[in-house]
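Take a look at the letters that make up each chain.
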Amino acid sequence: AITMCQWATRWLNKIIVDHLIQRGLNAVSAQTSMVIYRSSNGFSVNYKPLIIALRNNLVPVIYGECIHDDKGVYYVLSTEEIFRLLTPYIKPERIVFVEKVDAVYDKDPVKYGDAEVIPIINKENSTRILKLLGGSAGIDVTGGMLTKIRIALDIAREYGVPSIIVGGENTSDVVNAIKYGRFKRGTLITW
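All residue numbers refer to position in the chain's written sequence, counted from 1. Thresholds applied to this predicted model are a pLDDT of at least 70 for local features of residues and 80 or more for the giving and counting of side-chain atom pairs; totals over whole chains, interfaces and linings are not thresholded and use all residues. Hydrogen atoms and water are omitted, and side-chain values are computed over all heavy atoms in the structure.

*Asks:* I'm lost on the environment of L58 in this one. Help?
*Replies:* Working definition: helices are DSSP H or I runs of at least four residues, strands are E runs of at least two. Numbering for both runs from the N terminus. Its place among the elements puts L58 in the loop between α2 (48–55) and β4 (59–62). By relative accessible area, L58 is classed as partly exposed at 29%. Between the C-alpha atom of L58 and that of S29, which follows or precedes it by 29 residues, the distance is 9.9 Å. Whether two residues are in contact is decided by their heavy atoms, any of which lying within 4.5 Å being enough. Filtering out sequence-adjacent residues up to four positions away, L58 remains in contact with N26, V28 and A53. Here the term buried applies to any residue with accessible area under 20% of the maximum for its type, exposed to any over 50%, and partly exposed to those in between, with areas from a 1.4 Å probe on protein chains only.

Structure, rendered in structure tokens:
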């Protein structure tokens, strides 16, 4: 099972890295399971290769993946959990989530044509937005958006690092979000 999980996530990461390289970014794939593993004491993080890549003006593209566990099994580690683990060591300028949806919406854009983008989530509106996403209406279209936003807010509050959610199909927004922290359609999560 871990072989197929890693194959699928590496395949998706390759597509993203290829697009970023074609648009002028010095992107490199960073296989999560070679940077983070889980032990009985929690997670162990080998962040130094990522720092070296950043010092050499490379953009490491890390991703959610099945990682190794010292009990001989594997653990599915989400992208937002990875960023929570890495941020204290890496201290990035910003985190960019490349998603299936192009932003956080006030309601499910698939079901409702009048769904509106929530351009910013911060300490002033976070409680309202989290209630909106977690409500019985079930508007968390990706199944993980609520958790992603909660963790991004924690990272922003604890480390002062903002996150940006943009859609993977709009490569201009992805590149501009990574390079400059700007985007035309997306959501900024800050504190």
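*Asks:* Explain the packing of aromatic side chains here, please?
*Replies:* Two numbers describe a pair of aromatic rings. These are the distance of the centres and the angle of the planes. Stacked, tilted and edge-to-face are the three classes applied to pairs of Phe, Tyr and Trp rings, where Trp contributes its six-membered ring and a pair requires centres within 6.5 Å; stacked means planes under 30 degrees apart, edge-to-face means over 60, and tilted covers the rest. Taken as a whole and assessed by the stated rule, the structure comprises three aromatic pairs. Where F83 meets F97, the ring centres are 5.4 Å apart and the plane angle is 80°; that geometry is what we call edge-to-face. Taken together, the positions of F83 in helix α3 (residues 79–90) and F97 in strand β7 (residues 95–99) put the pair 14 residues apart, joining distant regions of the chain. Taken individually, F83 and F97 each receive the classification buried, so the pair is uniform in this respect. Any Lys NZ or Arg CZ that is within 6 Å of a ring centre and within 35 degrees of that ring's normal is treated as a charge sitting over the ring. Looking at R157, its charged tip hangs above the ring of W191, at a distance of 5.0 Å from the centre.

*Asks:* Looking at this structure, how should I read the environment of D108?
*Replies:* Residue placement: D108 occurs in the loop between β7 and β8 (120–121). D108 gets classed as buried once you look at its relative accessible area, which sits at 9%. Separated by 63 residues in sequence, D108 and V45 place their C-alpha atoms 36 Å apart. A 3.5 Å cut-off defines polar contacts: any pair of N or O atoms within that distance qualifies, except that in protein one atom must be a possible hydrogen donor and the other a possible acceptor, and neighbouring residues in sequence count only when both atoms are side-chain atoms. Polar contacts involving the side chain of D108 include one to the main-chain amide nitrogen of V110, which spans 2.8 Å.

*Asks:* Hey, could you run me through the nonpolar core in this one?
*Replies:* Inside soluble globular proteins, nonpolar side chains tend to come together where they are buried. Within this scheme, the nonpolar core is defined by two criteria: the residues are buried Ala, Val, Leu, Ile, Met, Phe, Trp, Tyr or Cys, and they are joined through side-chain atoms within 4.5 Å. Counting residues in hydrophobic clusters, the biggest one holds 32 residues, and the most contacted among them are I36, L86, V104, I121 and I149. Put simply, the parts of the chain that give this core at least two residues each are α2, α3, β7, α4 (126–134) and α5 (145–159). Of the residues forming this core, the biggest block, seven residues, is contributed by α5. For I121, the contacting residues outside a window of four places in its chain are V104, S126, I129, I149, L153, T187, L188, I189 and T190.

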